4 protein chains.
Amino acid sequence: MKIGVVGASGYAGGELLRLLSEHPNFEISFIGAHTNAGESITALHPQLIQFEGQQFSAVNVDDLNKCDLVFTALPHGESAKLISQLNEKVKIVDLGADYRLTDKTQWDKYYGGSYAGSWTYGLPELTDHQLITKSKHVASPGCYATAIALSVAPVINQIDSEDIVVVAASGTTGAGRTAKVNLIGSEVMNNLTSYKFGGVHQHTPEIEQILSSISNKSVKISFTPILAPMPRGILATVTAKLITATSAQKLRTVYSDFYDKSKFVSLLTEGQMPMTNSVLGTSNVSMQIALDSHVNRIIISTAIDNLGKGAAGQAIQNANLMCNLAEDAGLKLAGVR
Amino acid sequence: MKIGVVGASGYAGGELLRLLSEHPNFEISFIGAHTNAGESITALHPQLIQFEGQQFSAVNVDDLNKCDLVFTALPHGESAKLISQLNEKVKIVDLGADYRLTDKTQWDKYYGGSYAGSWTYGLPELTDHQLITKSKHVASPGCYATAIALSVAPVINQIDSEDIVVVAASGTTGAGRTAKVNLIGSEVMNNLTSYKFGGVHQHTPEIEQILSSISNKSVKISFTPILAPMPRGILATVTAKLITATSAQKLRTVYSDFYDKSKFVSLLTEGQMPMTNSVLGTSNVSMQIALDSHVNRIIISTAIDNLGKGAAGQAIQNANLMCNLAEDAGLKLAGVR
Amino acid sequence: MKIGVVGASGYAGGELLRLLSEHPNFEISFIGAHTNAGESITALHPQLIQFEGQQFSAVNVDDLNKCDLVFTALPHGESAKLISQLNEKVKIVDLGADYRLTDKTQWDKYYGGSYAGSWTYGLPELTDHQLITKSKHVASPGCYATAIALSVAPVINQIDSEDIVVVAASGTTGAGRTAKVNLIGSEVMNNLTSYKFGGVHQHTPEIEQILSSISNKSVKISFTPILAPMPRGILATVTAKLITATSAQKLRTVYSDFYDKSKFVSLLTEGQMPMTNSVLGTSNVSMQIALDSHVNRIIISTAIDNLGKGAAGQAIQNANLMCNLAEDAGLKLAGVR
Amino acid sequence: MKIGVVGASGYAGGELLRLLSEHPNFEISFIGAHTNAGESITALHPQLIQFEGQQFSAVNVDDLNKCDLVFTALPHGESAKLISQLNEKVKIVDLGADYRLTDKTQWDKYYGGSYAGSWTYGLPELTDHQLITKSKHVASPGCYATAIALSVAPVINQIDSEDIVVVAASGTTGAGRTAKVNLIGSEVMNNLTSYKFGGVHQHTPEIEQILSSISNKSVKISFTPILAPMPRGILATVTAKLITATSAQKLRTVYSDFYDKSKFVSLLTEGQMPMTNSVLGTSNVSMQIALDSHVNRIIISTAIDNLGKGAAGQAIQNANLMCNLAEDAGLKLAGVR
């Protein structure tokens, strides 16, 4: 399979290149970037020495149309512009937000600009695999959305789904490879600070959409994101009121059963807690749950790599399914702590 | 005023020494430690070069009884043992948990061991200053408790006080200067992980107690603590359902008015967010609030220095009041970012 | 004394504001910035809450001429342009490089652009205090230059002064508050990397100049700078061949004697090593030395705060001398670790 | 091939497990630890989810004798005790220091305790591959030794080999997984500090030994190690006087030629600098050189992963050679930045 990567100079793009270059079935045939076109790949991704001597190509439709499958990792609004020009038979996994939302109203509220419509939402633990397999176009979920939706899904019918509270912290690569003063090391080290504060983070509607679609319930999320002093990783703390009588042990069973066949999601042994530094470089999702009977709430703690399961790993998982490969082809790596 | 510090070799102890050595009215006359007695102060606190050549003394009752005021910064259970031997006329500010809880049941549930009774709970923004001023003995609040109680207090009567959700992350000094494998740099850097998960953190009852005492309401907190990859600072995210109709602007007024006369707590300008690295070395409390009408919740983000307002700074604030000094004597320092 | 600060929005500027606001003899009367003029001071320096509600002024000659003393903290080339317009009677401490070098050839080689001449080089431990006191204009040394020159000075006559080897690592604030991709947190955390590699760092000539001026010897430095994953602090490792027979103990005496009267430089007790996190927020210089007889070299390890003794603290030390104040007025603070 | 790992609970042990579990020719058949025997592997190495449900075994000779090859990653002195009990036909790669030094005097000076003799020193870029291939027992080099010896080797005949100056900084995993107060996160973050100061680091003799053995020259190293605020990675800055007339371009050719066939060592393109975060998780060695004609010195900057090429990666490289496999079998991974 010939693979193209567009937006390869960003952090998600770099992680795509790393994973794809070790993938048994995929062959990278196009590595494109916009402002970084012409630059050396290792100048921007010095860890990817297997690309020594190669440059980012300027993005062009002809080369992309020669690919079997293209990953697009671009700022929102950019993917749709490019994709509209591509040949219909090229499979596409979009890592951006352009095709995630089925509701134009939500797009207008959280993103704005031209609404491109929606594709199959590719969160394979929650989305029917058949649907992904049949799709030529898949919208890969956002990093926070992945961690949060996976945390809630098993108990969505046992909680007050209109009052789910989430506080999730991300490493700085989540903010992209962008030269902004508030992202320089001197500002972010030693610092925890919230942003997009007050329920305005753009991943909110996609979380509500996927959880609503699997439960046929109205879902509302209060989500507060935090920037943490580390490059990679997301730790999400999710909590909701239980509306059915249950026990900690029953809840454990619900989660174990729900993710029983999952290649990537695991409920940790009691007493162990998810740690962001244990999932780095992987598509693994570490989860722990508790029942706080004092307030009658379930609490879920979930760690992912925002660039792994939160971006490149999940995009490849989707591509694997779209190409009838094993879901975890090329994704079996252990974490590098 | 002759001041004694017991537990001076720990992180809170070191911050006490730093602040006291620059205090205009207090003179340090006793610096005591247990296992570190006899060691050089600068070997453990190399930043405190004004103590060059001095050693930690072994803790002894005679020397402490010569002090006008003693700060005790010891593991829970230890303060009570020592304090029972001291002369009644020595003023004491205890930075530990021994005298914070009025309810023995809560002590037994969250701490265990012998219950020592309770003292005036010294959170000066919420506790009547007269009460602190009259007290010979004051229990200084826990670091998380300080950040969380201050976040909630202004709106306690406008929220569902039995379902307050808190996720708060602390730097590693909050875990003390202890040689544990899970605290070594190789483990904590690049890592976010929750601990005391499921509503079991021992600061829970003191938060409920102080908020209940100022509101005469039943208060229940769901609190999830997180260890963050930085030495100092706490960022608390607090959210609760609003039970009265209000607006973001009205809520801002509630907070501004509530902390109008506070020397240390400030509601930031709209658009600015609390940052832990902006309060380091101070007793300052940075706060921002939002109304998320989507879920009808108020969200509060609050940053403190766990060793400043969360420990040494607040203990000195209490001592100032107990000694009829200006509340902020010796505490006017700007942050070191 | 009315004080002006130009370039107040940078990191050195912020540290100047912090220290000046607590200085017993100086009153800040002008706070100027270029691109950040009009912005809120606390938006850029959120730790400086004593400046809440104030803005950076546009730099203008009239306001500066009303000051008794002005600190200029600007990129090289910028100070000289501004200063040429100021009234002769305004005292100036320049934190930039414009007036440090006495040799136009060196300026041309390491900086380029118009050469502005040279002022008194204000490294008070090595420069005659009388000279500083008499000067209306003082060039405050570079951060690396300070750490390195202080490390070498006591033994300059006992070493091969033409082959001094230095490797020094700095926190990221040393690179300024600049939006560059290579400075964002995602790039600098977990990373050590050298820059200006191969003897081309612009502090090299000023180190050679000051050491040569105090020894009348030719001095040559091989200096390799490194960017370290922390916001503040410099650790310099300096080594040179000994040309006279000596012992470790004699060398300790040389250093102790040399800095005997220094308010800021201290040779640590044997067995203790300089740590950058112990001098943060101060003008303190921690030093340790060893004689490695295996290679007949003295090795010096020195820690400073690049923004303290390496910038704002030293500039104020110079200003104190120029104003006949105690050298350490306003600079007696303990470190915040 | 059946593989045993002893000392599997430490950081080098964990990295061995990660790499071995993805190795095409090696099968892990014994995972042993001492104090951690009986504990869950993922409790200590939570990133290694492929070992979920397995425990560290107590170290026992019977199980080890069933292995074809055993890796020992133990504190010095411990390997020798264990190895003396093993069957002669079991191949062994020792990651500790016990068998590195050929000179008992050096052992006594830098380590002490019983001297166990010496094995083939397995630094495959400098040691004859035939020698390693023929050896049943190989001593794998120290992490600093690897970075430093590789930096110097190509020019050993063009420099004053008795006056090589090295300053090298390591991440905290280099200090092991040990509960010591000076290693806890609160102490090491924001901090650079030197240790084993004054030419006493125990890797000094092995660096001198290998460089001397390849050059037949007397070699003396002045080596100052530094602890850096990051978990992994070593950046070594190495400099020496040039004794032959040369040019930067000629030196580049010397290095390029020397490492031309190396699978792991690369001289970076001019203008790019080695970064520790670009080699994490790999056996890659990034190198850059400069000629500083001002002082007539060559300067080499070299980055490795202390747990990769500095420990587990190199041990496996040696094992590959000993088993007649491709040198880089199982080691072709790209870095995880």
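Residues numbered from 1 in each chain as written. Chains lettered and ligands numbered in written order. Predicted model: local features only at pLDDT ≥ 70, side-chain atom pairs only at ≥ 80, totals over all residues. Heavy atoms only, no water.

1. So, the overall build of chain A
Put simply, the test is: The helix and strand labels rest on DSSP assignments: H or I over at least four residues marks a helix, E over at least two residues marks a strand, and numbering proceeds from the N terminus. Here the radius of gyration uses the C-alpha set of atoms, whereas the globule reference equals 2.2 Å times the residue count to the power 0.38. Burial here depends on accessible area, computed with a 1.4 Å probe over protein chains only, as a share of the maximum for the residue type. Under 20% is buried, over 50% is exposed, and the range in between is partly exposed. Throughout, the Shrake-Rupley method with a 1.4 Å probe supplies accessible areas, and for residues the shown protein chains are the sole cover considered. Just so you know, the count uses Lys and Arg for positive and Asp and Glu for negative, and it drops His and the chain ends. To locate a charge, take atom NZ for lysine, CZ for arginine, CG for aspartate or CD for glutamate.
A count of helical and extended segments in chain A gives eleven helices and 14 strands. Compactness check: chain A gives a C-alpha radius of gyration of 19 Å against a globular reference of 20 Å for 337 residues, within 12% of the reference. In terms of overall dimensions, chain A has C-alpha extents of about 60 × 45 × 40 Å along its principal axes. Per-residue burial for chain A yields a buried fraction of 66% across its 337 residues. When the accessible surface of chain A is totalled, it reaches about 10,800 Å², and 48% of it is carbon and sulfur. Distance between charge centres in chain A, computed from 26 positive and 29 negative side chains, equals 2 Å.

2. Some remarks on the sheet that holds strand β4 (residues 69-72) of chain D
The pairing of strands in a sheet happens through backbone hydrogen bonds and is either parallel or antiparallel. Residue and element names in this part refer to chain D. Here is the rule: Two strands pair if DSSP finds at least two bridges between them.
Strand order across the open sheet formed by seven strands is β3-β2-β1-β4-β5-β7-β6, with parallel pairing between neighbours. Each end of this open sheet is capped by a strand with a single partner; those strands are β3 (57-58) and β6 (120-121). Examined bridge by bridge, strand β2 (residues 27-33) and β3 share two bridges and lie parallel to one another. Across the sheet, residue Gly32 finds its bridge partner in β3, namely Ser57.

3. Digging into the interface of chain B and chain A
Keep this limit in mind: Here a residue-residue contact requires only that any non-hydrogen atoms of the pair lie within 4.5 Å. Accessible surface is computed with a 1.4 Å probe, and the buried area is the amount of it that two parts give up when combined, taken over both parts together. Salt bridges are identified by distance alone: a Lys or Arg side-chain nitrogen within 4 Å of an Asp or Glu carboxyl oxygen. Under the grouping applied here, Gly and all other residues not named as nonpolar or charged are polar, the nonpolar ones being Ala, Val, Leu, Ile, Met, Phe, Trp, Tyr, Cys and Pro and the charged ones Asp, Glu, Lys and Arg.
Chain B puts 47 residues into the contact, and the matching count from chain A is 48 residues. In total, chain B and chain A occlude about 3,900 Å² of area from one another, counting both sides; carbon and sulfur atoms represent 60% of this. Broken down residue by residue, the surface that chain B buries against chain A is led by Leu192, Phe197 and His294 of chain B, which jointly contribute 18%. The interface formed by chain B and chain A contains six salt bridges. The partner of Asp163 of chain B in a salt bridge is Arg297 of chain A, with the nearest N and O atoms 2.7 Å apart. Only β8 (164-170), α8 (185-188), β9 (193-194), β10 (221-227), β11 (234-241), β13 (285-292) and β14 (297-304) of chain B provide two or more residues apiece to the side of chain B that touches chain A. Examining the composition of the side of chain B that touches chain A, we find that five residues originate from one element, β13 of chain B, more than from any other. Grouping the amino acids of the side of chain B that touches chain A by side-chain chemistry returns 22 nonpolar, 16 polar and nine charged.

4. Digging into the relation of the copies chain B and chain A
Both copies of the chain are related by one operation, a rotation about an axis with a shift along it. For clarity, the threshold we go by: C-alpha atoms of residues with pLDDT of at least 70 in both copies form the basis for the least-squares superposition of the copies.
Between the two copies, chain B and chain A, the superposition gives an RMSD of 0.0 Å; the rotation angle is 180° and the shift along the axis is 0.0 Å. The superposition of one copy onto the other is thereby described by a two-fold rotation axis. The overlap is high: 100% of the interface residues of chain B also sit at the interface in chain A, so the same surface is used on both sides.

5. Re the side chain of Thr237 of chain C
When you line up the elements, Thr237 of chain C lands in strand β11 (residues 234-241). Taking the relative accessible area as the measure of exposure, Thr237 of chain C reaches 1% and is therefore buried. Not counting residues up to four positions away in its chain, the partners in contact with Thr237 of chain C are Val165, Val166, Val167, Ile299 and Ile300 of chain C together with Val167, Thr224 and Ile226 of chain D.

6. Some thoughts on the relation of the copies chain C and chain B
The two copies are related by a screw motion: chain C maps onto chain B through a turn of 180° and a shift of 0.0 Å along the axis, at an RMSD of 0.0 Å. Comparing interface residues between copies, 100% of those in chain C also lie at the interface in chain B; the contact surface is shared.

7. Focus on the sheet that holds strand β9 (residues 193-194) of chain C
A sheet is described by the order of its strands in space; here seven strands give the open sequence β9-β10-β8-β11-β14-β13-β12 (chain C), paired in mixed fashion. Either end of the sheet is taken by a strand with one partner, and the two such strands are β9 and β12 (265-267) of chain C.

8. Here we look at the interface of chain C and chain B
The condition is simple: As used in this structure description, the phrase polar contact means that two N or O atoms lie within 3.5 Å; if the pair is within protein, one of them must be able to donate a hydrogen and the other to accept it, and residues adjacent in sequence are counted only when both atoms belong to side chains.
Listed as interface residues are 26 residues of chain C and, on the opposing side, 26 residues of chain B. Contact between chain C and chain B buries roughly 2,100 Å² in total, counting both sides, with carbon and sulfur atoms accounting for 50%. Interface area lost by chain C to chain B is led by Gln47, Val336 and Arg337 of chain C, which between them contribute 29%. Inspection of the chain C/chain B interface yields zero salt bridges. On the surface where chain C and chain B come into contact, there are seven residue pairs in polar contact (both at pLDDT 80 or more). Grouping the constituent residues of the side of chain C that touches chain B by class yields nine nonpolar, eleven polar and six charged.

9. Remarks on the UniProt feature "domain: Semialdehyde dehydrogenase NAD-binding" (unreviewed entry) in chain A
Applied cut-off: UniProt positions are given in the numbering used here, feature names are shortened, and annotations may be inferred rather than shown by experiment.
Feature annotation in UniProt places "domain: Semialdehyde dehydrogenase NAD-binding" (unreviewed entry) on residues 2-134 of chain A, given in this structure's numbering. Annotated as 29% helix and 18% strand, the span residues 2-134 of chain A places its first and last C-alpha atoms 19 Å apart.

10. A look at the UniProt feature "active site" (unreviewed entry) in chain A
Residues and elements named next belong to chain A. According to UniProt, the "active site" (unreviewed entry) feature falls on Cys143. By the element assignment, Cys143 lies in helix α7 (residues 143-152). If near-sequence neighbours (up to four positions away) are discounted, Cys143 is found in contact with His203, Ile234, Ile304, Asn306 and Gly310.

11. Details of the environment of Asp98 of chain B
Residues and elements named next belong to chain B. In this fold, Asp98 is placed in the loop between β5 (91-94) and α5 (104-110). When the C-alpha positions of Asp98 and Thr302 are compared, they lie 26 Å apart, and in sequence the two are 204 residues distant. Residues in contact with Asp98, not counting those within four places in the same chain, are His76, Gly77, Glu78, Ser79, Ala80, Trp107, Ala116 and Gly117. Among the polar contacts listed, one links the side chain of Asp98 to the backbone nitrogen of Ser79, at a separation of 3.4 Å. Among the polar contacts listed, one links the side chain of Asp98 to the backbone nitrogen of Ala80, at a separation of 2.8 Å.

12. Section: helix α9 (residues 204-215) of chain A
All names here are of chain A. Cut-off, in case you're wondering: Expected span of a helix: the number of residues minus one, times 1.5 Å.
Taking 1.5 Å of rise per residue, the twelve residues of α9 would be expected to cover 16 Å, and the 17 Å separating its terminal C-alpha atoms lies within 8% of that figure. In terms of burial, α9 is a largely internal element, nine of the twelve residues being buried. Within α9, the full set of buried residues consists of Thr204, Pro205, Glu206, Ile207, Glu208, Gln209, Ile210, Leu211 and Ser215. In this structure, the buried residues of α9 make contact with α5 (104-110), β6 (120-121), α7 and β10 (221-227). Directly beyond the C-terminal end of α9, a positive phi value near 55° is found at Asn216.

13. Quick word on the packing of helix α1 (residues 11-21) of chain D against helix α11 (residues 308-322) of chain D
Residues and elements named next belong to chain D. Just so we agree on the cut-off: The convention used is that axes are lines fitted to C-alpha atoms, helices contributing only their stretch in contact, and that angles between N-to-C directions extend from 0 to 180 degrees. Orientation categories follow fixed angle ranges, with anything under 35 degrees roughly parallel, anything over 145 roughly antiparallel, 65 to 115 roughly perpendicular, and all other angles oblique. Crossings are sorted by hand: turned counterclockwise from the far helix by less than a right angle, the near helix makes the crossing left-handed, and turned clockwise it makes it right-handed.
For the pair α1 and α11, the least separation of the axes is 8 Å and the interaxial angle reads 45°. Relative to α11, the element α1 is oriented oblique. Considering the relative orientation of α1 and α11, their crossing is right-handed. Side by side, α1 and α11 meet where Ala12, Glu15, Leu16, Leu19 and Leu20 of the first sit next to Ala311, Ala312, Gly313, Ala315 and Ile316 of the second. Residues belonging to the contact of α1 with α11 are distributed by class as follows: eight nonpolar, one polar and one charged.

14. Brief notes about the pairing of strand β5 (residues 91-94) of chain C
All names here are of chain C. As judged from the four bridges shared by strand β4 (residues 69-72) and β5, these two strands associate in the parallel manner. Along β5, the bridge assignment pairs Phe71 with Val93. Examined bridge by bridge, β5 and strand β7 (residues 137-139) share three bridges and lie parallel to one another. Within β7, the position partnered with Asp94 by the bridge is Ala139.

15. Topic: the confidence of the model for chain A
The following threshold applies: Scored from 0 to 100, pLDDT reflects the predictor's confidence in each residue.
In this model, chain A carries an average pLDDT of 97, and 100% of its residues clear a pLDDT of 70 or more. Under the prediction, the complex receives an ipTM of 0.97, its pTM being 0.98.

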